[in-house]
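The chain contents come next:
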Amino acid sequence: MRPALTRLLAAVLLAAASSASASEAGLRLEPALVNRLDVESLQRGARNFVNYCLGCHGAQYMRYNRLTDLGLTDSQIKDNLMFATDKIGSTMTAPISRGDGTAWFGAPPPDLSVESRIRGADWLFSYLLAFYRDDQSTTGWNNLVFPRVAMPHVLWNLSGTQKLVETEYDDQEKAEAAAIAVKGLALVEPAKGGKWVVKMVAPGTPGTLSAVEYKTFVADLVNYLDYMAEPVRNERINIGIVVLIYLGVLFAFAYALKRNYWKDVH
Ligand code: HEC
């Protein structure tokens, strides 16, 4: 029993440690500006998702009618969000198969139902801000957060293009300091000749949205992806608050009762 327990504890600690450093070494993510209690942001995120992602990625654990959670009515969902099916109870399946995805892109677009549980909101937010032009790649795009990703930058009309900027430093310490100073997305990597390089993205040609508008667009989308990974989480938080209030009131009564019982003893 003992060694088994120790092993379990070690496994839990190891998992905690590795999730703390989940992002690849040297990568500094941009924190996601999301608020899962903001229903309007979630509605916009759902719209962004069906318009720009559902063409390739499915969300097989999410049903359209679950979106009533977000304050949408069945007819709003049908009119504005359902392009792939006519049944409100259907799951959000992608129109392309895994085989086609692999054949067309070189890698299948994965299901995004629980993507946020796997990668985390900060990773997703950074990933959607990290596409840059790269003539060497098949799609013409590359990504600072997911190097050589097979996904094209499907939002480039909105975001405009970005280019990669690399700065070389003599040692790792200087490079890390420079990456921190960026206060955003940056990747620190060893370079040739014992040097270190800091990679970041810089604006190229503008898109239809300004940089701030694009970030809001992506934040809404990530907010939705995060909601979709655990739709009942808001409910869980609310139940938790009610339970704590209940326990607080119970504590007050229990304490008053205890004082009453013991008052003759002391
Ligand atoms: C044209 C098809 C296409 C569209 C549209 C598309 N993707 Fe992708 N996406 C892909 C492919 C292909 C991959 C697999 C990339 C790889 O493994 O290299 C991918 C990978 C991803 C990944 C990384 C998954 C992982 O953890 O490995 C995320 C996150 C993602 N897409 C999010 C989105 C979001 C959000 C949208 C909507 C804005 C979107 N994608 C739209 C094709 C697409």
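Residues numbered from 1 in each chain as written. Predicted model: local features only at pLDDT ≥ 70, side-chain atom pairs only at ≥ 80, totals over all residues. Heavy atoms only, no water.

**Remarks on the pattern of salt bridges**
Taken as a whole, this structure holds 11 salt bridges when the rule is applied. Lys 215 is paired through a salt bridge with Glu 30; the nearest N and O atoms lie 2.6 Å apart. Taken together, the residues Lys 215 in helix α9 (residues 211-229) and Glu 30 in the loop between β1 (27-28) and α2 (39-52) connect sequence positions 185 residues apart. Residue classification places Glu 30 among the buried residues on the basis of a relative accessible area of 15%. The salt bridge involving Arg 44 is made with Asp 220; its shortest N-O contact spans 2.6 Å. Placement of the pair is Arg 44 in helix α2 and Asp 220 in helix α9, with a sequence separation of 176 residues. Among the residues examined, Asp 220 registers a relative accessible area of 6% and is labelled buried. Several salt bridges share partner residues, and in doing so they unite Arg 117, Glu 230 and Arg 236 into one network. (Salt bridge = Lys/Arg side-chain N within 4 Å of Asp/Glu carboxyl O. Helix = DSSP H or I, 4+ residues; strand = E, 2+ residues; numbered from the N terminus. Buried < 20%, exposed > 50% of the residue type's maximum accessible area, 1.4 Å probe, protein only.)

**A word on the coordination of the iron atom of the ligand**
Surrounding the iron atom of the ligand are the protein donor atoms His 57 (NE2) and Met 151 (SD), at 1.9 to 2.1 Å. Around the iron atom of the ligand, the six donor atoms are arranged such that angles at the metal cover 88 to 179°; this shape is classified as octahedral. You can see His 57 sitting in the loop between α2 and β2 (59-63) and its partner Met 151 sitting in the loop between β5 (141-143) and α7 (156-159), a full 94 residues away along the chain. (Donors = N, O, S within 2.8 Å, 3.2 Å for Na, K, Ca; no water. Tetrahedral: all angles 85-135°; square planar, octahedral: opposite > 155°, others 65-115°.)

Treat this as a map of the structure, not an account of what it does.
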